[in-house]
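Spelled out from the first residue to the last, the chains are:
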Amino acid sequence: MTTRGTPVERSEFLLRAVDLSAGHGRKTVLEGVNLSIRPGEFWFFLGTNAQGKSTLLNTLLGVLPKKGGAIETGRGLDRAAIGYVPQRCDLAPNLPTTAHEFVSLGLVGLAVDRAERDVRVRDALAEVGLGGLERKSYWAMSGGQRQRVLVARALARRPRLLCVDEPMNNLDLVTERNLLSLLARQNRDEGLTVVFVTHDVSVAAHFATHVALVHGRAADVGPKAQLLKPDLLERAYGAPVTIVPLVGMEPARPAPIGATV
Amino acid sequence: MQAFFDSWPLFRETYLAAWWIAALLGLVGVLVVARDQIFVGAAISQASTLGIALGMCVGAAFASEGSVWRSDAFLSVVAVAFAVGAALLIARSSGIGKESHEAVTGFVYLLGASAAVLVIARSPHGLDEVQKLAGSSVIGASAVDVRIFAGLTLVTAVAVFVRRRALVLFAMDPLMARAVGVSRIWDGAAAAWLGLVMGMTIRSAGMLFSFGLLVLPALVAKNVCRATLPMFVVAPLVAVAASVAGFVAGNVSNQNEAQFTVALLCGLLALAWLARSFRHA
């Protein structure tokens, strides 16, 4: 990763939702969501299935139209500075594509020449541990490698904000850990702001700086220490939640002083 | 072979129109195949046939012989309108929280197929017209047809060349495409263009030729290419080469050229599948 565009003061927000309502079709799933995502933060959108975590993310990104409220972007954050790893990629079966082509499609909308494109694709694949596999067919890769190619496609944009939507579905434990380590490294070393959608509280407890607990048409939003508490988690998940420490994995950022989970 | 060259002065416009149609459908077909929406082409063809049937009924019922309502131009406009309408209906009616894409495609296909025959059954020469459209006969193209299809092909080729990466991303991963700023208007625009192209080609070349040339060259390209972007070059080349060969062979053997071309493409696809299975073995 080489550049991430114009530096932004830490106090400035990258993306802000003000009284946001979100949904799909005619259905409103979430109402009155207020949150500010600042540079370098590692956000987790948490909740049980079908509560609206992905809907919230997709609305913030403009993939889904908002139902109400406002979405504000900070200085220097435009489409070019956003990377997105979707929950799944509905690739037509056996549509021929190589890792290089697939990752290069992440550069759509950016003015990059061929040489720059090749450099970015090579760098992004190297960052996710797939260096040298540029010419390999997407279909000849394992599920974990395909997931990393999806991340590489987002990283090739050299984003300032990376949004990752439930990437751990169907991943084995090792691949899941490798992916999380990769994102944690990007967040800690490169200052990449990450929004990560998952139902896994333990992962959030380990890596998050901030959390949005999505439940019952609303989202409780704030620093991890304020929200990952047993009573709040039980209310959001409808059952007692146990946080399991992730042994052997370093946190994305040093935990705030006095923070407890 | 000599028989083909002998027929050139008489059928030059027919051949040229068919080859431009082949190149045009080869290009558009890549997007259809990349989105795994192969039967959209068949459904749009049937909707277009329904439009022609309704147009003929309107002409027969309310207009006198020689009126614009009985002209080829009017039938072409109706065919295109129905094709575009069907393409937009399929694009807009499927998605999150809606009916599946296959279900809407099947509905449009069956409605078009059944209603067209019902509407046209009592019209003089109506069933002949429907059978002609279904069977594909490209005889009778004019110099205007050649210019129209050449223009459509060139416009499509330029648009594909300029926005090829966005098009492939849009076909592969519409959510990602939206997240990086590809407008949601693309869905409607792509559907409308597909409808326009299919409506125009159905009227001139019939269903079999149009549907066959839409999907078969792109499927051949899908099986011989290692990446999606080269399909935009390979598919039109396969389409034009097959239609040239099909027209020459059909002419020499005194068979229907359109059906010869489609059969040839089916053979090529079978070979491509075979080659692919050996490659992966």
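Residues numbered from 1 in each chain as written. Chains lettered and ligands numbered in written order. Predicted model: local features only at pLDDT ≥ 70, side-chain atom pairs only at ≥ 80, totals over all residues.

Some remarks on the overall build of chain A
When helices and strands are tallied, chain A shows eight helices and nine strands. Taken across its 261 residues, chain A has 45% of its residues classed as buried. Look at the contacts in chain A between residues 6 or more apart in sequence, and 74% of them connect residues 24 or more apart. (Helix = DSSP H or I, 4+ residues; strand = E, 2+ residues; numbered from the N terminus. Buried ≥ 20, exposed ≤ 12 C-beta atoms within 10 Å, placed from the backbone. Contact = placed C-beta atoms within 7 Å.)

As for the interface of chain B and chain A
For an interface, size is often stated in terms of accessible area lost upon the parts coming together. Contacts between the two partners involve 24 residues from chain B, matched on the other side by 23 residues from chain A. Residue assignment for the side of chain B that touches chain A shows that the elements contributing at least two residues are α7 (164-172) and α8 (174-179) of chain B. Here the side of chain B that touches chain A gets five residues from one element, more than from any other, and that element is α7(B). When the residues that make up the side of chain B that touches chain A are grouped by side-chain class, the tally is 14 nonpolar, three polar and seven charged. (Nonpolar A, V, L, I, M, F, W, Y, C, P; charged D, E, K, R; others polar.)

Comments concerning the sheet that holds strand β4 (residues 68-73) of chain A
Residue and element names in this part refer to chain A. Across the sheet, three strands lie side by side as β2-β1-β4; this open sheet has antiparallel pairing. Of all the strands in the sheet, the pair left with one neighbour each is β2 (27-37) and β4. With strand direction ignored, the average angle separating the axes of adjacent strands in the sheet is 30 degrees. As paired strands, strand β1 (residues 15-24) and β2 are joined by seven bridges and run antiparallel to one another. Looking at β2, one finds that Arg16 is bridged to Ser36. Its contacts with the sheet put helix α1 (residues 53-60) on β1, β2 and β4, and the angle it makes with β1 is roughly 120 degrees. (Pairing = 2+ DSSP bridges. Axes fitted to C-alpha atoms, helices over the stretch in contact; angles between N-to-C directions.)

Considering the domain arrangement of chain A
Residue and element names in this part refer to chain A. Per the domain assignment, the segments of chain A are domain 1 (9-77 + 160-252) and domain 2 (95-159). For domain 1 and domain 2, the distance between their C-alpha centroids amounts to 25 Å. Listed by partner, the interface residues are 10 residues for domain 1 and eight residues for domain 2. Sorting the residues of the side of domain 1 that touches domain 2 by element identifies β6 (161-165) and α5 (173-190) as the ones contributing at least two each. Across the side of domain 1 that touches domain 2, the residue classes break down as six nonpolar, two polar and two charged. (Domains from an automatic or database assignment.)

Examining unusual backbone geometry
In terms of backbone geometry, most residues other than glycine have negative phi values and most peptide bonds are trans. Here the phi dihedral of Arg158(A) falls at roughly 50 degrees; this positive angle occurs in a residue that is not glycine. Looking at the secondary structure, you find Arg158(A) in the loop between α4 (143-155) and β6. Judged by the 22 C-beta atoms lying within 10 Å of it, Arg158(A) falls in the buried class. A positive phi angle is found at Asp36(B), which is not glycine, with a value near 55 degrees.

Side note on helix α11 (residues 257-280) of chain B
The terminal C-alpha atoms of α11(B) lie 35 Å apart, and with 24 residues this matches the ideal 34 Å at 1.5 Å per residue to within 8%. Contacts made by the buried residues of α11(B) are with α9 (185-224) and α10 (231-252) of chain B. (Expected span 1.5 Å × (residues − 1).)

A few points about the environment of Gln37(B)
Residues and elements named next belong to chain B. Checked against the element boundaries, Gln37 lands in the loop between α1 (2-34) and α2 (39-62). Gln37 sits in the buried class, given 22 other C-beta atoms within 10 Å. Separated by 65 residues in the primary sequence, Gln37 and Glu102 have C-alpha atoms spaced 8.1 Å apart. With near-sequence residues (within four places) excluded, Gln37 lies in contact with Val32 and His101.

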